[in-house]
Amino acid sequence: MYQNELFNLQKQNAVNHLAHEELLIAVEMLSAVALLNQALDSKDLVSVQNQLTSPAIGFNNLDETYVERYADELLSIKLDVLSQGQETLSWNEIQNCIDMVNIQIQEENDRIVAVGCINEAIDKGDPLKTLETLQFPTVKIRDVDPEHAQHYQDVLYHAKSQKLKDPASKILWLDEIQHAVYEANRDKDKAKQWVTLVVDVNQCLEKEKKSDILSVLKSSVGNTNDIIPECADNYYDALTKAKEQKSRSVSTEGPWLKLTLQEKYDYYYNIDSKESSWVTPKPCLCKESWLMEKEIKDIVEEVTTGYIREKMWSAPEDFLLRLQHTRSGALLRKEYEARKSFLYEQEEHVVKIQAFWRGHRQRMSYVSRRQTFADHLPSIVKIQSWFRMTRARRNYLSRLQYFRDHKSEIVKIQSLLRASKARDDYKTLVGSENPPLPVIRKFVHLLDQSDLDFQEELEVARLRGEVVTKIRGNQQLEKDLNLMDIKIGLLVKNRITLEDVISHRTKLNKKKGGEMQILNNTDNQGIKSLSKERRKTLETYQQLFYLLQTNPLYLAKLIFQMPQNKSTKFMDTVIFTLYNYASNQREEYLLLKLFKTALEEEVKSKVDQVQDIVTGNPTVIKMVVSFNRGARGQNTLRQLLAPVVKEILDDSSLVINTNPVEVYKSWVNQLETQTGEASNLPYDVTAEQALTYPEVKSKLDASNESLRRVTDKVLNSIISSLDLLPYGLRYIAKVLKNSIHEKFPDATEDELLKIVGNLLYYRYMNPAIVAPDGFDIIDMTAGGQINSDQRRNLGTVAKVLQHAASNKLFEGENEHLASTNNYLSETYQKFRKYFKEACDVPEPEEKFNMDKYTDVVTVSKPVIYISIEEIINTHSLLLEHQDAIAPEKNDLLNELLELLGEVPTVESFLGEGAIDPNDPNKANTLNQLSKTEISLSLTSKYNLGDGEGIDGQSLMIKTKKLIIDVIRNQPGNTLTEILETPATTQQETAHATDMESRAIKDSKAPEEMKDGQSMMEDAQLPLEQKKRKIQRNLRTLEQMGHMSSTNKYQDILNEIAKDIRNQRIYRKLRKAELAKLQQTLKALNEKAAFYEEQVNYYDTYIKTCLDNLKIKNSRRSIKVDGKGESKGMKRAKPVRYTAAKLHEKGVLLGIDDLQTNQFKNVTFDILSTEDVGIFDVKSKFLGVEMEKVQLNIQDLLEMQYEGVAVMKMFDKVKVNVNLLIYLLNKKFYGK
């Protein structure tokens, strides 16, 4: 305290220095203040008073009379500062407290003086003087209104008169004066309220505004509950009557209203001038004809009381509660309860009195009425008959007119009721585990095939055939175009002659012109000729391909029995043909089952490590990706990637180059171009040296930023379009993940998802991003191409996404891209979630609603379009690998192959006379005819057969059809009841009529949609014979365990209900398939048009070459009319090398499991095939032919382009790709 106070005192000094005398006085005063604080802390009031009066403390204006009051106030302040964390009161704070107390004491003294003046003014009876004293500032009287000075005088005077009765006190104190002022103000408000009530009510009565009386009373009465709305008319009538009675006795009257408050104060109000006064005005003529406030309230209360008494006994409880809130409600309720209690006490007597009175009154009424009827009996009879007739006629006409007026509504209601009943029945059919027979009978007509069903089936079959044919034609055209690319490329390099190119062009033009052969004109010869033997062979082939199609295990085993080069070709042609390229849901379902079986087999037998799927080239994965990139999946890839890829290609300012050396060279070229002088910078630098230049780093940073931005767009397009991803691809991804996890249970989730990503992104999407023109992602005109900058931009984006999908960071030679590693990790998390969600798909059975009865309930048989060559090759492969595919002797496949016998030739398929035996080009003709396509309607060998020797499933189907025929014409609640009840003649007639109608309809159906012979014979049986056959079949099925008689054969009824449900689903799926086939066919036609445009472009190019050749007077003659064969068309001679010679040339690098000194025993024969760019390589060991493999120069050039230096042939021979290409060019394309 000393420190703080002296410091403050020092700051106040002008020279910032305290003299000795000043310090002495200050310390003495501060010591006294400290003692005072100690006294306050101990709450010792005597000590506090002593310290306050101490001369040393030096307080100003200290009146010792009020020391106690100072002490109390200081104690209060001390407590407040202690609560705020301050320990002591300063001298200034204590002085402020003393000054504040002195001010309060002075105000109190002034107020006492003012109170005395007010009492003197009241005693003098002067209202103005009293008002003046009430307005003294020191007295602080609130709510004083100068206009009511007289009433203040009267109220205060009355209050003082009452107080004078007490000898102890003769004056009014401040609170009593304030109370009197409040009382006077309340009187003023009450007077105004009464005046309003009197004026409004009387004016309403004078103006006869009956409708306003309720609102006037409610607005002017304090308790609105006293006013009952139901009594509004009564209020008005009573008030009007009272006013009229009062007006009769009045002759003269003035404008003044006189109101008396508290029976001692008079209040006057002039209704004309609106002035008011507490003093009697002169002259004072009162408005005697008006009802005053008390009279109005009495009348209102009287009316309300009367109404309450009237309604009390009949009103509900809530109404009584509302009435209880009125002024007289409580009293009336008390009277009501008392009367009610009395009546309950006398209930027995009350009931007797009421019963006696009612009986007496009723008897008197009855006797009087009866006498009237007896006196007028004939008239009464006439009136009654007339009235009944009139009423009946009126009711009938009214009802009839009502129906006519609401005909449309009635029809709607009837249809609504029928629809509601049908919906309930259908819900029972769909939702019930055991739908009753009457419900099934209502919907059994849905199993009938209408003309529309036949038309749609035929249209689907036609479109499916066109789609398959168009796909095969486009594939062949695409292969020929690829060969044309190679030929023109080799022509440019002078590797082949122009005659080869022209020959291939002629072949292309033929295919463009539509010379794809389909076996339409050979229906009456060859395998489709009308002979029993040929028909049996055709049916066996149809059964064979049905078995291969529906049992995926055979094809899965066959794929892995063949060499890889053969299996790839087999998959690309036969397998996709067998499943019609999944052109409908059934075939897509079966193809997915094949993919699943083959993939599980491949993982089980050929995958030794988790990474083998990524590093290798699994056959099934390659087949799945190829299929989903085809005609069906191409549209998906286009929707998925086309917008963002087109945006990248259209952005001409986008340049993404992450190669430091290329960026450096571009920068140097730019400098020299701008300056026109050679730069002093070196031209050849390493990546590390290029990165030392700031300009290169800034350009790389800009490229990286653009790369991230564009990559995000592609990534978002992929992730946001998960639903666009083909279901089949997602399902195979799910199968792949589960198969790998099953074989390698220790594999982590990340490892499994990387494998899924390798399939979904790297194999399926990545190539389409890198080369969108090659996968029809974007529209390209013939001759149009993507420039190098655009190709590099797409390749860089694809590279980043590939690293992100596999969670592979940039390291080593890509160290300069390490800044994007964090971005790769973030992107991988998005990909991880995407891959996980992609695998979340239902099983094909649920997706396509397929089961074992699907083929049986469909209208038409499945049809495939397959070439003769593919049938022969498939037959040959099955025989070659029969032991591995079907090791069991009783296998159905072995039975079918035994029926077919040896592999037929093309001539036997086509029939005699199809080929001229003297044709010199017979071999070429046979080769062309082997490409001819035929249609096979696939059937199961054990479909509904003849006789009784059929399996349980077929018997079930046959029995269901018989039951359907029976329940249509014979009623009953259960199947056993129908079977045991004899059919009437009428039912037999109706059944025969139905069967005749069905026979007529079946005769119009296409051949492939007709039922079997046994089914048609069963349909013609009479109703009773059908029932007997049903009973036999049911007993047989019960013995097989398919159903039980204990539940009245409900199981077979459940199967019929399921067929009805599936038929609806099948019709819905058929419509969707029809639309899908039309869309697919349109896309295929567009693709074919593009290929034709490409062929035209090549034609133009070759014609230009011919024109140039004529101008140069080439010495070589060219035949382009197609009548002969030029020299360039002669096949080159085979080339033979030993392995040692090839090893010496550097072409052969090594052979697994064979020493170098044994290479001389191995020879390789290389032959050029008819297809340009395709070579057959045969290997021999010690003169014995071992294996054969095909080489495609296009594949070799692609490997060379991708930087693959070494490849394997025969799965064991390692060769140098570059030297192999050089050898082929030198030996087969050299001049």
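Rules used in this analysis
Residues numbered from 1 in each chain as written. Predicted model: local features only at pLDDT ≥ 70, side-chain atom pairs only at ≥ 80, totals over all residues. Heavy atoms only, no water. Helix = DSSP H or I, 4+ residues; strand = E, 2+ residues; numbered from the N terminus. Buried < 20%, exposed > 50% of the residue type's maximum accessible area, 1.4 Å probe, protein only. Pairing = 2+ DSSP bridges. Phe/Tyr/Trp six-rings, centres within 6.5 Å; stacked < 30°, edge-to-face > 60°. UniProt positions renumbered as here; feature names shortened; annotations may be inferred. pLDDT = per-residue confidence, 0-100. Contact = heavy atoms within 4.5 Å. Salt bridge = Lys/Arg side-chain N within 4 Å of Asp/Glu carboxyl O.

S.K.: Please clarify how unusual backbone geometry should be interpreted in this entry.
M.R.: A negative phi angle characterises most non-glycine residues, just as the trans form characterises most peptide bonds. You will see that Lys1048, though not glycine, has its phi angle at about 60°, which is positive. Relative to the helices and strands, Lys1048 resides in the loop between helix 45 (1023-1040) and helix 46 (1050-1111). Residue class for Lys1048 comes out partly exposed when judged on its relative accessible area of 43%. Not every positive phi belongs to a glycine, and Tyr1049 is a case in point at roughly 55°. Its place among the elements puts Tyr1049 in the loop between helix 45 and helix 46.

S.K.: I keep staring at the pairing of strand 9 (residues 1174-1181) and nothing clicks. Help me out?
M.R.: In summary, the side chains of a regular strand alternate between the two faces of the sheet. Of all the 8 residues making up strand 9, 6 are buried; the element is thus mostly covered by neighbouring parts of the structure. Sheet topology places strand 8 (residues 1162-1168) next to strand 9; 7 bridges connect them, and they run antiparallel. Across the sheet, Val1162 pairs through a bridge with Phe1181, a residue of strand 9. The pairing of strand 9 with strand 10 (residues 1184-1192) spans 8 bridges and is classified as antiparallel. Looking across to strand 10, one finds that Lys1178 is bridged to Lys1188.

S.K.: In this structure, what is going on with the packing of aromatic side chains? I would like to understand it.
M.R.: Any pair of aromatic rings gets described here by the distance separating the centres and the angle formed by the planes. Scanning the model with the defined rule gives 8 aromatic pairs in all. Among the aromatic residues, ring-to-ring pairing joins Tyr761, Phe831, Tyr834 and Phe835 into one connected group.

S.K.: Sorry if this is basic, but what is going on with the UniProt feature "coiled-coil region" (unreviewed entry) in the protein chain here?
M.R.: The UniProt feature table records "coiled-coil region" (unreviewed entry) at residues 1067-1094. The span residues 1067-1094 shows a helical share of 100% and a strand share of 0%, and its end C-alpha atoms are spaced 40 Å apart.

S.K.: In this structure, what is going on with the confidence of the model for the protein chain? I would like to understand it.
M.R.: Detailed reading of the predicted coordinates is not advisable wherever pLDDT is low. For the protein chain, mean pLDDT is 77; residues scoring 70 or higher make up 82% of the total. Predicted confidence in the protein chain is weakest over helix 35 (residues 854-857), with a mean pLDDT of 54, and strongest over helix 15 (residues 377-405), with 93. A low-confidence stretch, residues 513-525 (pLDDT under 50), is modelled with 20 contacts involving residues beyond four sequence positions or located in other chains. In this model residues 943-950 is a low-confidence stretch, pLDDT under 50, and it forms 13 contacts with partners more than four residues away in sequence or in other chains.

S.K.: Any chance you could explain the pattern of salt bridges here in plain terms?
M.R.: Pairing is possible between side chains that carry opposite charge, provided their charged atoms lie close to one another. As enumerated under the stated definition, the model contains 18 salt bridges in all. For Asp425, the salt bridge is made with Lys421, and the minimal N-O distance between the two is 3.1 Å. Taken together, the residues Asp425 and Lys421, both in helix 16 (residues 407-431) and 4 residues apart, mark about one turn of the helix. A salt bridge links Lys442 to Asp425, with the nearest nitrogen and oxygen atoms 2.7 Å apart. Taken together, the positions of Lys442 in helix 17 (residues 437-443) and Asp425 in helix 16 put the pair 17 residues apart, joining distant regions of the chain. On the basis of relative accessibility, which here comes to 43%, the residue Lys442 falls in the partly exposed class. Overlapping salt bridges bring together Lys421, Asp425 and Lys442 as one network.

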